[in-house]
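# Architecture at a glance
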Amino acid sequence: MINKIFDKNEFNSGEDEIVSPLTRNAGKNEWLEKRARREEEQKKLKQKKITKKIFKIALMVLIIGAGIAGLVWYLATRPSLPESEIIARSGIHWHSEIKISILGQKQEIPADIGIGVVHNPIHTHDNTGAIHLEFSGLVRKDDTLLGKFFEIWGKKFNKDCIFDKCNGSEGKIKMLVNGNQNDEFENYLMKDGDKIEIVYYAN
């Protein structure tokens, strides 16, 4: 009886030796398959990133190319500016002085006109009435119009009005440049060293 039991155990032991390698191989194959799938997924993800990067680069090149083409077209087709309309080609740094008097009352010229988020070439730094004209590159005559200073300031000025005072029964406007009467008003081209005086006087 004991011998038979040993024989059965011996038989079962032999069966385990046959099944175990198969089980291990199956597990190993499953692990290899998972690893292969992971590698394939990583490969696809990497390829997707590369494709996306190439697309972005191509789009940037296209945008830059279109911008350059547009600039070339603009330079080629824009009307040429007569030399008589050009003040300087390498910028200017001029200063004009302005005084405004309305019915005998001196008007303050505020500091920092034209200075803010965007720094305008025509501006003031203080309330002394000094107008700074600081342009770089090409400067046209129209860039230095006195009327532009008032546009930047947000005030009305022309041959008929200064601020809210206009020619009429209350008074009249006149302008002096360097002591001489000037009737160009908003169309006057400011120059370095100018002393401009705008007067609204009672009739």
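Residues numbered from 1 in each chain as written. Predicted model: local features only at pLDDT ≥ 70, side-chain atom pairs only at ≥ 80, totals over all residues. Heavy atoms only, no water.

## Some thoughts on the overall build of the chain
What counts here: Each helix is a run of DSSP H or I of at least 4 residues and each strand a run of E of at least 2, with the numbering of both proceeding from the N terminus. Classification of residues uses two cut-offs on accessible area relative to the type maximum, computed with a 1.4 Å probe and protein chains only: under 20% is buried, over 50% is exposed, and between them is partly exposed. Note on contacts: a residue pair qualifies if any of its non-hydrogen atoms lie within 4.5 Å across the two residues. Residue-level accessible areas treat just the shown protein chains as cover; the underlying method is Shrake-Rupley with a 1.4 Å probe.
Broken down by element type, the chain carries 2 helices and 11 strands. Secondary structure elements in the chain, listed N-terminal to C-terminal, are α-β-β-β-β-β-β-α-β-β-β-β-β. Here the chain, with 203 residues, has 24% of them falling under the buried criterion. In the chain, the share of contacts with a sequence separation of at least 24, taken over all contacts with a separation of at least 6, comes to 61%. Looking at the chain as shown, the accessible area adds up to about 14,900 Å², and 56% of this sits on carbon and sulfur atoms.

## As for the nonpolar core
Let me state the cut-off plainly: We call a set of buried residues a nonpolar core when its members are Ala, Val, Leu, Ile, Met, Phe, Trp, Tyr or Cys and they connect through side-chain atoms within 4.5 Å of each other.
Counting 29 residues, the largest nonpolar core has Ile-100, Phe-150, Ile-162 and Ile-198 as its most contacted members. Here the element with the most residues in this core is strand β2 (residues 92-102); it accounts for 5 residues. Other than its neighbours up to four places away in sequence, Ile-100 contacts Gln-105, Lys-106, Gln-107, Ile-109, Phe-150, Trp-153, Ile-162, Phe-163 and Ile-198.

## Let's talk about the pairing of strand β9 (residues 172-177)
Selection criterion: The pairing criterion is simple: DSSP has to find at least two bridges between the two strands.
Across 6 bridges, β9 lies against strand β11 (residues 195-201) in antiparallel orientation. Its bridge partner being in β11, Met-175 is matched across the sheet by Ile-198. Across 2 bridges, the pairing between β9 and strand β10 (residues 180-181) is antiparallel. For Val-177, the partnering residue across the bridge sits in β10 and is Asn-180. Between β9 and β10, which follow one another and run antiparallel, lie 2 residues, and Asn-178 among them has a positive phi close to 55 degrees.

## With respect to the confidence of the model for the chain
Operational definition: pLDDT expresses how confident the predictor is about each individual residue, on a scale running from 0 to 100.
On average, residues of the chain score 87 in pLDDT, and 85% of them reach the 70 mark or higher. Below pLDDT 50 for its whole length, residues 1-19 participates in 1 contact with residues either more than four positions away or in separate chains.

## Considering the pattern of salt bridges
Between side chains of opposite charge, pairing is possible as soon as their charged atoms come close. Note the threshold: For this document, the term salt bridge refers to a Lys or Arg side-chain nitrogen within 4 Å of an Asp or Glu carboxyl oxygen.
Using the criterion set out here, one finds 6 salt bridges in the structure. The partner of Lys-195 in a salt bridge is Glu-97, and the shortest N-O contact between them spans 3.1 Å. Here Lys-195, found in strand β11, pairs with Glu-97, found in strand β2; they are 98 residues apart in sequence, far enough to count as distant. Owing to a relative accessible area of 26%, Glu-97 belongs among the partly exposed residues under this scheme.

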